[in-house]
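Fold and geometry: a report
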Amino acid sequence: MIDIQNLSKIYKTKSGTVTGVDNVSLTVYEGEIFGIVGYSGAGKSSLLRCINLLERPTLGTIRVDGVDLTSLKSEELRAARLKIGMIFQHFYLISQKTVYENIAFALKAANLPKNQVQKRVEDLLEMVGLSDKKDVYPSQLSGGQKQRVGIARALANDPKVLLCDEATSALDPTTTKSILNLLKKINKELNITIVLITHEMNVVKEICNRMAIMQEGRVIEEGSVYDVFASPKADLTKEFIESVVSFEIPDVILDGCEGPIVKVTFRGQVAGEGVISDMLQTFQVKGNFLHGSIEYIQDLPLGIFIMELKGKQEEIQAALTYVEKRAAQVEVLRDGI
Ligand SMILES: Nc1ncnc2c1ncn2[C@@H]1O[C@H](COP(=O)(O)OP(=O)(O)O)[C@@H](O)[C@H]1O
Ligand SMILES: [Mg+2]
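Residues numbered from 1 in each chain as written. Chains lettered and ligands numbered in written order. Predicted model: local features only at pLDDT ≥ 70, side-chain atom pairs only at ≥ 80, totals over all residues. Heavy atoms only, no water.

**Quick look at the site of ligand 1**
Filter applied, for reference: Here a residue is near a molecule or strand as soon as one of its heavy atoms is found within 4 Å of it. Polar contacts here mean pairs of N or O atoms no more than 3.5 Å apart (in protein, one a potential hydrogen donor and the other a potential acceptor; neighbouring residues in sequence count only if both atoms are side-chain atoms). Accessibility throughout is a Shrake-Rupley quantity obtained with a 1.4 Å probe, and a residue counts as covered only by protein chains that appear here. Segments assigned H or I by DSSP are reported as helices when at least four residues long, segments assigned E as strands when at least two residues long, and all are numbered from the N terminus.
Near ligand 1, the surroundings consist of 13 residues, among which Gly41, Gly43, Lys44, Ser45 and Ser46 are the closest. For ligand 1, an oxygen atom lies 2.8 Å from a polar atom in the side chain of lysine 44. Between ligand 1 and the protein, one listed contact pairs an oxygen atom with a side-chain N or O atom of serine 45 at 2.8 Å. Protein coverage of the free-state accessible area of ligand 1, which is 560 Å², stands at 64%. Broken down by secondary-structure element, the contributors of at least two residues to the shell around ligand 1 are β1 (2-13), β2 (16-28) and α1 (44-51). Take the shell around ligand 1: its biggest share by element is four residues, from α1.

**Quick look at the packing of aromatic side chains**
Any aromatic ring pair is given by two values, namely how distant the centres are and how the planes are angled relative to each other. We count it as follows: Under the pairing criterion, centres of Phe, Tyr and Trp rings, with the six-membered ring standing for Trp, must be within 6.5 Å; the plane angle then separates stacked pairs below 30 degrees from edge-to-face pairs above 60, leaving the rest tilted. Exposure categories follow from relative accessible area, calculated using a 1.4 Å probe and restricted to protein chains: below 20% of the type maximum is buried, above 50% is exposed, and the middle band is partly exposed.
One pass over the structure, following the stated rule, counts five aromatic pairs. Ring geometry for phenylalanine 88 and tyrosine 92: centres 5.1 Å apart, planes at 65°, overall edge-to-face. Classification of tyrosine 92 by relative accessible area gives exposed; the value is 53%. Taken together, the ring pairs in this structure connect Phe266, Phe289 and Phe305 into an aromatic cluster.

**With respect to helix α11 (residues 275-282)**
Note the threshold: Working definition: the arc comes from the directions between the helix axis and the C-beta atoms, pointing outward to the latter. Residue contacts are counted whenever heavy atoms from the two residues lie within 4.5 Å of one another.
Within α11, burial applies to Val275, Ile276 and Met279. Taken down its axis, α11 places every buried residue within 95° of arc, on the same side. In this structure, the buried residues of α11 make contact with β11 (261-267), β12 (285-297), β13 (300-311) and α12 (313-325).

**Some words on the domain arrangement of the protein chain**
Short version of the rule: Annotation comment: domain bounds sourced from an automatic or database domain assignment. Accessible surface is computed with a 1.4 Å probe, and the buried area is the amount of it that two parts give up when combined, taken over both parts together. A pairing counts as a salt bridge when a side-chain nitrogen of Lys or Arg comes within 4 Å of a carboxyl oxygen of Asp or Glu.
Domain assignment breaks the protein chain into domain 1 (2-242) and domain 2 (251-334). Look at where the C-alpha atoms of domain 1 and domain 2 centre, and you get two points 40 Å apart. With 10 residues of domain 1 in contact, the opposing surface of domain 2 contributes 12 residues. Interface area for domain 1 against domain 2, summed over the two sides, is near 880 Å², with a carbon-plus-sulfur share of 49%. The three residues of domain 1 that bury the most area against domain 2 are Lys205, Tyr226 and Ala230, which together make up 66% of that side's buried surface. For the interface between domain 1 and domain 2, the tally reads two salt bridges.

**A short note on the packing of α11 against α12**
For the record, the criterion: Note on geometry: axes are lines fitted to C-alpha atoms, helical ones only across the stretch in contact, with angles between N-to-C directions running from 0 to 180 degrees. For classification, angles of less than 35 degrees are called roughly parallel, those exceeding 145 degrees roughly antiparallel, those between 65 and 115 degrees roughly perpendicular, and all remaining angles oblique. Left-handed describes a crossing in which the near helix is turned anticlockwise from the far one by less than a right angle; the clockwise case is right-handed.
In the contact formed by α11 and α12, the axes pass within 10 Å of each other and the chain directions differ by 150°. Overall, the two elements α11 and α12 adopt an arrangement that is roughly antiparallel. Where α11 crosses over α12, the handedness of that crossing is right-handed. Counted together, Val275, Asp278, Met279 and Thr282 of α11 and Ala319, Tyr322 and Val323 of α12 form the full contact between these two elements.

**Some words on the pattern of salt bridges**
Taken as a whole, this structure holds 11 salt bridges when the rule is applied. A salt bridge links glutamate 32 to arginine 210; the nearest nitrogen and oxygen atoms lie 2.8 Å apart. Pair noted here: glutamate 32 is in the loop between β2 and β3 (33-37) and arginine 210 is in strand β9 (residues 210-215), with a separation of 178 residues, a long-range link. Accessibility expressed as a relative area gives 16% for arginine 210, which makes it buried. Each of the salt bridges in this network shares a partner with another, and the network as a whole consists of Asp22, Glu216 and Arg218.

Here it is, written out as C-alpha coordinates:
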(Lines give C-alpha, C1' and ligand atoms only; values in the text may rest on other atoms or scores of the structure.)
(Ligands and ions follow the chains in the order given, each with its own letter.)
Protein backbone atom coordinates (compact mmCIF):
# COMPACT_ATOMS: atom_id res chain seq x y z
CA MET A 1 0.00 0.00 0.00
CA ILE A 2 2.86 2.36 0.86
CA ASP A 3 6.24 1.87 -0.74
CA ILE A 4 9.06 4.13 0.37
CA GLN A 5 12.39 3.86 -1.43
CA ASN A 6 15.64 5.56 -0.43
CA LEU A 7 13.85 8.51 1.04
CA SER A 8 15.82 11.40 2.48
CA LYS A 9 14.59 14.71 3.78
CA ILE A 10 17.16 17.41 4.31
CA TYR A 11 16.08 20.74 5.77
CA LYS A 12 17.91 23.91 4.90
CA THR A 13 18.10 26.27 7.82
CA LYS A 14 19.95 29.53 8.45
CA SER A 15 22.62 27.70 10.37
CA GLY A 16 23.11 24.94 7.78
CA THR A 17 21.40 21.74 6.73
CA VAL A 18 19.60 19.31 9.03
CA THR A 19 18.95 15.72 8.03
CA GLY A 20 15.42 14.75 9.05
CA VAL A 21 15.23 11.42 7.22
CA ASP A 22 18.33 9.58 6.02
CA ASN A 23 17.87 7.06 3.21
CA VAL A 24 14.83 5.15 4.47
CA SER A 25 13.20 2.31 2.56
CA LEU A 26 10.03 0.75 3.98
CA THR A 27 7.00 -1.11 2.74
CA VAL A 28 3.65 -0.98 4.50
CA TYR A 29 1.19 -3.62 3.35
CA GLU A 30 -2.49 -3.12 2.73
CA GLY A 31 -4.64 -3.61 5.82
CA GLU A 32 -1.88 -3.59 8.40
CA ILE A 33 -1.17 -1.30 11.31
CA PHE A 34 2.46 -0.28 11.06
CA GLY A 35 4.21 1.43 13.96
CA ILE A 36 7.29 3.65 13.81
CA VAL A 37 9.02 4.17 17.15
CA GLY A 38 11.83 6.49 18.09
CA TYR A 39 12.82 9.23 20.46
CA SER A 40 12.08 12.86 19.77
CA GLY A 41 14.11 14.12 16.80
CA ALA A 42 14.54 10.66 15.26
CA GLY A 43 12.79 11.77 12.07
CA LYS A 44 9.40 10.11 12.56
CA SER A 45 7.25 13.13 11.77
CA SER A 46 9.45 14.10 8.82
CA LEU A 47 8.99 10.63 7.35
CA LEU A 48 5.24 10.61 7.99
CA ARG A 49 4.80 14.05 6.44
CA CYS A 50 6.64 12.85 3.35
CA ILE A 51 4.09 10.05 2.91
CA ASN A 52 1.34 12.53 2.03
CA LEU A 53 3.76 15.09 0.67
CA LEU A 54 3.04 17.65 3.36
CA GLU A 55 6.81 17.66 3.11
CA ARG A 56 8.59 17.10 -0.21
CA PRO A 57 11.29 14.44 0.01
CA THR A 58 14.74 15.69 -0.94
CA LEU A 59 15.56 12.31 -2.47
CA GLY A 60 13.75 9.05 -3.04
CA THR A 61 10.27 7.94 -4.03
CA ILE A 62 6.95 7.33 -2.31
CA ARG A 63 4.20 5.25 -3.81
CA VAL A 64 0.80 5.13 -2.15
CA ASP A 65 -1.64 2.62 -3.60
CA GLY A 66 0.59 2.27 -6.64
CA VAL A 67 0.81 6.00 -7.39
CA ASP A 68 4.10 7.89 -7.26
CA LEU A 69 2.98 11.02 -5.45
CA THR A 70 6.03 13.09 -6.36
CA SER A 71 5.15 12.80 -10.05
CA LEU A 72 1.64 14.25 -9.72
CA LYS A 73 0.51 17.73 -10.77
CA SER A 74 -1.04 19.82 -8.04
CA GLU A 75 -4.67 18.96 -8.88
CA GLU A 76 -3.98 15.23 -9.08
CA LEU A 77 -2.01 15.46 -5.88
CA ARG A 78 -4.94 17.10 -4.11
CA ALA A 79 -7.19 14.22 -5.18
CA ALA A 80 -4.61 11.62 -4.14
CA ARG A 81 -4.23 13.31 -0.75
CA LEU A 82 -7.93 12.86 0.00
CA LYS A 83 -7.18 9.15 0.14
CA ILE A 84 -4.70 9.73 2.97
CA GLY A 85 -6.17 10.87 6.29
CA MET A 86 -4.02 12.24 9.09
CA ILE A 87 -4.42 12.81 12.82
CA PHE A 88 -2.14 14.71 15.18
CA GLN A 89 -1.08 14.88 18.80
CA HIS A 90 -2.69 18.31 19.27
CA PHE A 91 -5.82 17.56 17.23
CA TYR A 92 -5.88 20.91 15.31
CA LEU A 93 -9.66 21.37 15.48
CA ILE A 94 -11.17 24.70 14.49
CA SER A 95 -12.26 26.21 17.80
CA GLN A 96 -14.98 28.49 16.32
CA LYS A 97 -16.72 25.56 14.66
CA THR A 98 -18.87 22.87 16.27
CA VAL A 99 -17.97 19.20 16.14
CA TYR A 100 -20.37 18.77 13.23
CA GLU A 101 -18.91 21.73 11.34
CA ASN A 102 -15.34 20.60 11.90
CA ILE A 103 -16.11 17.33 10.17
CA ALA A 104 -18.38 18.80 7.47
CA PHE A 105 -15.62 21.31 6.66
CA ALA A 106 -13.31 18.46 5.66
CA LEU A 107 -16.00 17.21 3.26
CA LYS A 108 -16.41 20.54 1.50
CA ALA A 109 -13.69 19.68 -0.97
CA ALA A 110 -15.80 16.81 -2.23
CA ASN A 111 -18.70 19.14 -3.22
CA LEU A 112 -21.41 16.90 -1.86
CA PRO A 113 -25.07 17.98 -1.69
CA LYS A 114 -26.13 19.14 1.78
CA ASN A 115 -28.24 16.14 2.72
CA GLN A 116 -25.38 13.79 1.86
CA VAL A 117 -22.97 15.82 3.94
CA GLN A 118 -25.34 15.52 6.86
CA LYS A 119 -25.70 11.76 6.46
CA ARG A 120 -21.95 11.30 6.14
CA VAL A 121 -21.11 13.41 9.20
CA GLU A 122 -23.71 11.60 11.27
CA ASP A 123 -22.33 8.22 10.21
CA LEU A 124 -18.81 9.34 11.09
CA LEU A 125 -19.92 10.64 14.49
CA GLU A 126 -21.53 7.31 15.18
CA MET A 127 -18.38 5.47 14.11
CA VAL A 128 -16.28 7.40 16.64
CA GLY A 129 -18.96 7.32 19.35
CA LEU A 130 -19.72 11.05 19.50
CA SER A 131 -23.27 11.29 18.14
CA ASP A 132 -24.37 13.22 21.21
CA LYS A 133 -21.63 15.86 20.83
CA LYS A 134 -22.59 17.04 17.38
CA ASP A 135 -23.35 20.67 18.30
CA VAL A 136 -20.69 21.12 20.92
CA TYR A 137 -17.55 23.27 20.47
CA PRO A 138 -14.07 21.72 20.83
CA SER A 139 -13.35 23.62 24.05
CA GLN A 140 -16.14 21.63 25.72
CA LEU A 141 -14.57 18.29 24.85
CA SER A 142 -12.04 16.14 26.69
CA GLY A 143 -8.75 15.25 24.99
CA GLY A 144 -10.00 11.82 24.00
CA GLN A 145 -13.19 13.29 22.53
CA LYS A 146 -11.17 15.86 20.57
CA GLN A 147 -9.07 13.07 19.09
CA ARG A 148 -12.28 11.23 18.15
CA VAL A 149 -13.36 14.33 16.22
CA GLY A 150 -9.91 14.40 14.62
CA ILE A 151 -10.36 10.78 13.58
CA ALA A 152 -13.87 11.40 12.18
CA ARG A 153 -12.51 14.34 10.20
CA ALA A 154 -9.61 12.26 8.88
CA LEU A 155 -12.08 9.59 7.71
CA ALA A 156 -14.45 12.06 6.06
CA ASN A 157 -13.22 11.49 2.52
CA ASP A 158 -13.05 7.72 2.78
CA PRO A 159 -9.26 7.39 2.88
CA LYS A 160 -7.37 4.17 2.28
CA VAL A 161 -4.57 5.17 4.57
CA LEU A 162 -4.57 6.86 7.97
CA LEU A 163 -1.39 8.50 9.23
CA CYS A 164 -1.21 9.08 12.98
CA ASP A 165 1.44 11.46 14.37
CA GLU A 166 1.72 10.81 18.14
CA ALA A 167 -2.09 10.57 18.22
CA THR A 168 -2.23 9.41 21.82
CA SER A 169 0.78 11.21 23.26
CA ALA A 170 -1.32 13.96 24.85
CA LEU A 171 -3.76 11.50 26.43
CA ASP A 172 -3.84 9.61 29.72
CA PRO A 173 -3.41 5.81 29.67
CA THR A 174 -7.11 4.94 29.84
CA THR A 175 -8.03 7.38 27.09
CA THR A 176 -5.06 6.16 25.05
CA LYS A 177 -6.45 2.65 25.26
CA SER A 178 -9.88 3.71 24.06
CA ILE A 179 -8.41 5.63 21.12
CA LEU A 180 -6.22 2.65 20.21
CA ASN A 181 -9.30 0.42 20.29
CA LEU A 182 -11.06 2.85 17.97
CA LEU A 183 -8.11 2.76 15.56
CA LYS A 184 -8.17 -1.03 15.66
CA LYS A 185 -11.87 -1.01 14.84
CA ILE A 186 -11.34 1.41 11.94
CA ASN A 187 -8.54 -0.77 10.61
CA LYS A 188 -10.69 -3.90 10.73
CA GLU A 189 -14.10 -2.62 9.74
CA LEU A 190 -13.08 -0.09 7.10
CA ASN A 191 -9.94 -1.93 6.00
CA ILE A 192 -7.87 1.23 6.34
CA THR A 193 -4.10 0.82 6.42
CA ILE A 194 -2.68 2.67 9.42
CA VAL A 195 0.81 4.07 9.94
CA LEU A 196 1.38 5.41 13.40
CA ILE A 197 4.39 7.05 14.87
CA THR A 198 4.96 7.21 18.59
CA HIS A 199 7.65 7.35 21.24
CA GLU A 200 5.59 4.94 23.36
CA MET A 201 6.40 1.28 22.85
CA ASN A 202 3.21 0.18 24.63
CA VAL A 203 1.18 1.75 21.82
CA VAL A 204 2.99 -0.39 19.28
CA LYS A 205 2.66 -3.50 21.43
CA GLU A 206 -1.04 -2.85 21.79
CA ILE A 207 -2.11 -2.52 18.16
CA CYS A 208 0.63 -2.82 15.54
CA ASN A 209 1.32 -5.81 13.31
CA ARG A 210 4.75 -4.69 12.19
CA MET A 211 7.10 -1.97 13.28
CA ALA A 212 10.25 -0.03 12.57
CA ILE A 213 12.60 1.72 14.96
CA MET A 214 14.13 5.03 13.92
CA GLN A 215 17.26 6.72 15.17
CA GLU A 216 18.98 9.76 13.66
CA GLY A 217 16.80 9.68 10.57
CA ARG A 218 17.42 6.02 9.81
CA VAL A 219 15.44 2.84 10.28
CA ILE A 220 17.69 0.70 12.47
CA GLU A 221 15.42 -2.32 12.90
CA GLU A 222 12.10 -3.55 11.55
CA GLY A 223 9.95 -6.65 11.65
CA SER A 224 6.77 -8.08 13.07
CA VAL A 225 6.09 -6.66 16.53
CA TYR A 226 6.23 -10.17 17.95
CA ASP A 227 9.65 -10.90 16.43
CA VAL A 228 11.06 -7.58 17.53
CA PHE A 229 9.89 -8.19 21.11
CA ALA A 230 11.11 -11.80 21.07
CA SER A 231 14.56 -11.11 19.61
CA PRO A 232 15.50 -7.44 19.54
CA LYS A 233 18.86 -6.69 17.94
CA ALA A 234 19.77 -3.04 18.37
CA ASP A 235 20.47 -1.60 21.83
CA LEU A 236 17.89 1.10 21.26
CA THR A 237 15.27 -1.53 20.45
CA LYS A 238 16.07 -3.32 23.70
CA GLU A 239 15.76 -0.05 25.54
CA PHE A 240 12.30 0.58 24.10
CA ILE A 241 11.18 -2.93 24.95
CA GLU A 242 12.41 -2.56 28.50
CA SER A 243 10.16 0.48 28.83
CA VAL A 244 7.16 -1.87 28.67
CA VAL A 245 8.61 -5.24 29.70
CA SER A 246 11.17 -4.59 32.40
CA PHE A 247 13.54 -7.31 33.52
CA GLU A 248 15.71 -5.31 35.79
CA ILE A 249 17.00 -7.31 38.73
CA PRO A 250 18.25 -5.45 41.82
CA ASP A 251 22.02 -5.63 42.37
CA VAL A 252 21.62 -7.10 45.85
CA ILE A 253 19.85 -10.07 44.31
CA LEU A 254 22.44 -10.45 41.55
CA ASP A 255 25.27 -10.24 44.08
CA GLY A 256 23.73 -13.12 45.98
CA CYS A 257 23.78 -15.39 42.90
CA GLU A 258 26.65 -17.81 42.37
CA GLY A 259 25.58 -19.82 39.34
CA PRO A 260 25.16 -18.60 35.78
CA ILE A 261 22.17 -16.40 35.07
CA VAL A 262 20.23 -17.19 31.95
CA LYS A 263 17.32 -15.66 30.13
CA VAL A 264 14.97 -18.13 28.49
CA THR A 265 12.50 -16.88 25.92
CA PHE A 266 9.58 -19.02 24.77
CA ARG A 267 7.70 -18.16 21.63
CA GLY A 268 4.07 -18.86 20.82
CA GLN A 269 2.41 -22.05 22.00
CA VAL A 270 5.37 -23.41 23.92
CA ALA A 271 5.22 -20.59 26.46
CA GLY A 272 3.01 -22.58 28.77
CA GLU A 273 4.43 -26.01 28.12
CA GLY A 274 6.41 -26.61 31.25
CA VAL A 275 9.75 -26.93 29.49
CA ILE A 276 11.61 -25.51 32.44
CA SER A 277 10.08 -27.90 34.94
CA ASP A 278 10.89 -30.79 32.59
CA MET A 279 14.48 -29.57 32.45
CA LEU A 280 14.75 -29.35 36.21
CA GLN A 281 13.46 -32.89 36.53
CA THR A 282 15.67 -34.33 33.81
CA PHE A 283 19.01 -32.82 34.82
CA GLN A 284 20.96 -32.42 38.03
CA VAL A 285 20.31 -28.70 38.04
CA LYS A 286 18.59 -26.40 40.47
CA GLY A 287 16.81 -23.33 39.14
CA ASN A 288 16.29 -20.16 41.04
CA PHE A 289 13.75 -17.87 39.36
CA LEU A 290 14.73 -14.21 39.39
CA HIS A 291 12.11 -12.89 37.01
CA GLY A 292 9.37 -14.21 34.82
CA SER A 293 6.49 -13.02 32.72
CA ILE A 294 4.29 -14.00 29.85
CA GLU A 295 3.46 -11.10 27.58
CA TYR A 296 0.70 -11.31 25.02
CA ILE A 297 1.56 -9.67 21.73
CA GLN A 298 -1.08 -9.87 19.02
CA ASP A 299 -2.70 -12.50 21.29
CA LEU A 300 0.38 -14.74 21.06
CA PRO A 301 2.17 -15.58 24.29
CA LEU A 302 5.82 -14.63 24.65
CA GLY A 303 7.33 -16.09 27.82
CA ILE A 304 10.50 -14.64 29.28
CA PHE A 305 12.14 -16.15 32.35
CA ILE A 306 15.38 -15.18 34.02
CA MET A 307 16.91 -17.72 36.35
CA GLU A 308 20.06 -18.65 38.15
CA LEU A 309 21.15 -22.23 37.51
CA LYS A 310 23.08 -24.23 40.06
CA GLY A 311 24.81 -27.52 39.47
CA LYS A 312 27.81 -29.01 37.72
CA GLN A 313 28.85 -27.14 34.62
CA GLU A 314 28.27 -30.11 32.31
CA GLU A 315 24.78 -30.62 33.70
CA ILE A 316 23.93 -26.95 33.27
CA GLN A 317 25.22 -27.03 29.70
CA ALA A 318 23.21 -30.17 28.92
CA ALA A 319 20.12 -28.64 30.50
CA LEU A 320 20.42 -25.48 28.40
CA THR A 321 20.94 -27.48 25.21
CA TYR A 322 17.79 -29.40 26.12
CA VAL A 323 15.80 -26.18 26.59
CA GLU A 324 17.09 -24.78 23.31
CA LYS A 325 16.03 -27.95 21.51
CA ARG A 326 12.54 -27.55 22.94
CA ALA A 327 12.13 -24.40 20.85
CA ALA A 328 13.24 -21.82 23.34
CA GLN A 329 15.82 -19.12 22.95
CA VAL A 330 18.51 -19.11 25.62
CA GLU A 331 20.80 -16.22 26.41
CA VAL A 332 23.44 -16.38 29.11
CA LEU A 333 23.28 -13.04 30.89
CA ARG A 334 26.11 -13.79 33.27
CA ASP A 335 28.49 -16.71 33.47
CA GLY A 336 28.87 -18.48 36.77
CA ILE A 337 31.57 -17.34 39.14
N1 LIG B 1 10.86 22.25 9.33
C2 LIG B 1 12.07 21.88 9.80
N3 LIG B 1 13.15 22.67 9.60
C4 LIG B 1 14.37 22.29 10.05
N5 LIG B 1 14.62 21.16 10.72
C6 LIG B 1 13.57 20.34 10.96
C7 LIG B 1 12.25 20.66 10.52
N8 LIG B 1 11.42 19.66 10.89
C9 LIG B 1 12.20 18.77 11.54
N10 LIG B 1 13.47 19.17 11.59
C11 LIG B 1 14.61 18.44 12.19
O12 LIG B 1 14.62 17.13 11.66
C13 LIG B 1 14.94 16.18 12.66
C14 LIG B 1 13.82 15.16 12.79
O15 LIG B 1 12.67 15.81 13.31
P16 LIG B 1 11.24 15.13 13.40
O17 LIG B 1 10.93 14.51 12.10
O18 LIG B 1 10.28 16.14 13.91
O19 LIG B 1 11.50 13.98 14.48
P20 LIG B 1 10.46 13.23 15.44
O21 LIG B 1 9.11 13.34 14.87
O22 LIG B 1 10.98 11.82 15.47
O23 LIG B 1 10.59 13.88 16.78
C24 LIG B 1 15.20 16.97 13.94
O25 LIG B 1 16.57 17.20 14.05
C26 LIG B 1 14.46 18.27 13.69
O27 LIG B 1 15.04 19.32 14.38
MG1 LIG C 1 7.33 14.12 15.76
